[in-house]
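# Summary of the model geometry
Chain by chain, the residues:
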Amino acid sequence: MSRVALDRGWSPRLTDATVLGRWPQLVGAEIADHCTPLSLRDGELVLQAESTAWATQLRQLQRQLLSRLAGSVGKDVVRRIRVVGPSGPSWRHGPRHVRGRGPRDTYG
């Protein structure tokens, strides 16, 4: 199976899928409970934290996470980690949108 993947050029994508699929085993249950891997492209792993506090914590743990991932899946699979915080609610409703301050400009 690995030879077929190598012949067809699937090896990098399989390695990326390994990181995303085995995330709790690679980083541990505590970290995996508080963040979700969104994508892994060109060596950049994008993580979404459940809160801004965890986003800050993950940014501080980047070196440890990179070394742990390098030991588990290979040295050059994950070269950078970008942490994004939780997304806030959107003020947009419906298919159309008018530029401007929105509902706030009628408050006073």
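Computed from a prediction, not measured in an experiment: that's the story for all the values here.

### Some words on unusual backbone geometry
Although it is not a glycine, D42 sits at a positive phi angle of roughly 55°. Topologically, D42 is positioned in the loop between strand 1 (35-41) and strand 2 (44-49).

### Topic: the pairing of strand 2
As judged from the six bridges shared by strand 1 and strand 2, these two strands associate in the antiparallel manner. Note that in strand 2 the partner of C35 across the bridge is A49. From the end of strand 1 to the start of strand 2, which pair antiparallel, there are two residues, and D42 there has a positive phi angle of about 55°. Here strand 2 pairs with strand 3 (residues 80-84) via five bridges, running parallel. Counterpart to L45 in the pairing with strand 3 is I81.

Rules used throughout
Residues numbered from 1 in each chain as written. Predicted model: local features only at pLDDT ≥ 70, side-chain atom pairs only at ≥ 80, totals over all residues. Heavy atoms only, no water. Helix = DSSP H or I, 4+ residues; strand = E, 2+ residues; numbered from the N terminus. Pairing = 2+ DSSP bridges.

Just geometry here; none of it tells us what the structure is for.
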